[in-house]
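Close look at the chain arrangement
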Amino acid sequence: MLQAKDLLEHASRLLIPKSKEVDWRRAVSASYYAVFHLLTGAVASQVSPVIPVGLQGRTRRVLEHRAMKTAMRPFLSKGSFHQYSNALHVPCAFSDDLRELSEAFGELQDARHLADYDVADLQGTVDLSWATDCVDKARRVFAAWDRAKSSEAATLFLAAMIFDAKWAK
Amino acid sequence: MVELDFNPQEGERVEFYPQGIILEVLGRHITADGQVLLRLRSLQDGRLFENVTLDWLRYPADVRVRRALEHILPKVSWPEEFQDGRFVVKTDEMYDGTPRIMVNFYLKPDVIPSVEKAGDWNAFYSTLKRQIEPLVDTGDWLQFAAKEQRSALSAAS
């Protein structure tokens, strides 16, 4: 079974000094998917039991990239987080780790889009520096999640990945 | 937190912040009682506005970020791989339409980026970001990057 950290290691291996544009693009894409699968796995573990086999896998497939980025928006600042948790009547302490994670997720998602679809790169964004930045961001997400995952805010965060759009009802 | 003064001059851009309209300062004068009045032109539709007070105006977000960085950066130590004093602030959109303020630094020509160096640079960005964040609207994405000389040149050409 593919593990999120395998994708991260794969991304790192692509970035050697003589690497080429295709390596940089694949490293960025793998970095994003490492983070995406880290989080979808955590969401599935929170909301689905292990038995019956396959349910967690189906749960992961429900998650949508753009909706996840949108759901992370309240976690980007103290002010928006407190407004959000108060409105939900789910009081939690703000987490700097979840803020870092949410920022990096949005930036990696945007970079992944460029890496996979914008072959012309008219802005001149694609280079080794850009790719190493993305791999480092993904590493930081793994570290931030490791620190944050047992917090109440992290439980709310994972629930938001699935239920965010429904909570307005 | 960085405190920025607001004293717009001719040629600068300002924002009418209740509606997010960006205007260019065409002229300014000071009344006998010391009030600053501006002559403005909308960059969206070219409309002219005369004798506008500063009450509902501020610098646009990218200008606030640039001015804040001009204030902060001389006081912090830069990563040794960055060209001294060189940075550019620009606005664009992420692929999903989220407005973004992008701050680019420039690497010295002989620097070979690595994930380890990127870690140091990201730590540097985090320090800056926490100081600047209060100046940015919640809807704006603030992002930092280090550009290589090669890609900076190709983007400019």
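Anyway, here's the lowdown on the structure attached to this text. Because the structure is predicted, anything quoted here is derived from the model rather than measured. (Residues numbered from 1 in each chain as written. Chains lettered and ligands numbered in written order. Predicted model: local features only at pLDDT ≥ 70, side-chain atom pairs only at ≥ 80, totals over all residues. Heavy atoms only, no water.)

Glancing now at the overall build of chain B. Secondary structure summary: chain B contains three helices and eight strands in total. Beginning at the N terminus, the succession of helices and strands in chain B can be written as β-β-β-β-β-α-β-β-α-β-α. Dimensions of chain B, computed from C-alpha atoms along their principal axes, come out at roughly 55 × 30 × 30 Å. Counting all 157 residues of chain B, 43% fall into the buried class. Within chain B, contacts between residues separated by at least 24 positions form 49% of all contacts whose residues are at least 6 apart in sequence. Total accessible area on chain B stands at roughly 8,300 Å², and carbon and sulfur atoms take up 49% of it. Here chain B contributes 19 positively and 25 negatively charged side chains, and the mean placements of these two sets differ by 2 Å. (Helix = DSSP H or I, 4+ residues; strand = E, 2+ residues; numbered from the N terminus. Buried < 20%, exposed > 50% of the residue type's maximum accessible area, 1.4 Å probe, protein only. Contact = heavy atoms within 4.5 Å. Areas by Shrake-Rupley, 256 points an atom, 1.4 Å probe, with all protein chains shown as cover. Lys, Arg positive; Asp, Glu negative; His and termini not counted. Charge placed at Lys NZ, Arg CZ, Asp CG, Glu CD.)

Right, let's talk about the sheet that holds strand E4 (residues 48–52) of chain B for a bit. All names here are of chain B. As summarised here, the arrangement of the five strands in space is E4-E3-E2-E1-E5, forming an open sheet in which the pairing is antiparallel. Looking at strand neighbours, the two that pair on one side only are E4 and strand E5 (57–58), the edges of this open sheet. Bridge count between strand E3 (residues 36–42) and E4: three bridges; the pairing is antiparallel. Residue Arg-41 lies in a different strand from E4, and its bridge partner there is Leu-48. (Pairing = 2+ DSSP bridges.)

Our next topic: empty space enclosed by the protein. Under the defined criterion, the tally for this structure stands at one cavity of 30 Å³ or more. A volume near 190 Å³ is recorded for the largest cavity. Lining of the largest cavity is provided by Glu-100, Glu-103, Ala-104, Glu-107, Lys-137 and Arg-140 of chain A together with Asn-122, Tyr-125, Ser-126, Lys-129, Arg-130 and Phe-144 of chain B. Elements represented by at least two residues in the lining of the largest cavity include exactly helix H6 (96–117) and helix H7 (128–148) of chain A together with helix H2 (115–132) of chain B. In terms of residue count, the dominant contributor to the lining of the largest cavity is H2 of chain B (five residues). (1 Å grid on protein atoms, 1.4 Å probe; cavity = no way out; pocket = protein on both sides within 12 Å on 5 of 7 lines; lining within 4 Å. Points joined across faces, edges and corners; volume = space filled by probe spheres on them.)

Now for unusual backbone geometry. All names here are of chain A. Cis geometry marks the peptide bond from Ile-51 to Pro-52, where omega comes out at 5°. Relative to the helices and strands, Pro-52 resides in the loop between helix H2 (21–47) and helix H3 (55–62). Phi angles above zero are rare outside glycine, and His-89 is one such case at about 60°. With respect to the helices and strands, His-89 occurs in the loop between helix H5 (78–88) and H6. Residue class for His-89 comes out exposed when judged on its relative accessible area of 69%. A positive phi is found at Asp-121, a non-glycine position, where the angle reads about 50°. Relative to the assigned elements, Asp-121 resides in the loop between H6 and H7. Assessed through its relative accessible area of 13%, Asp-121 is described here as buried.

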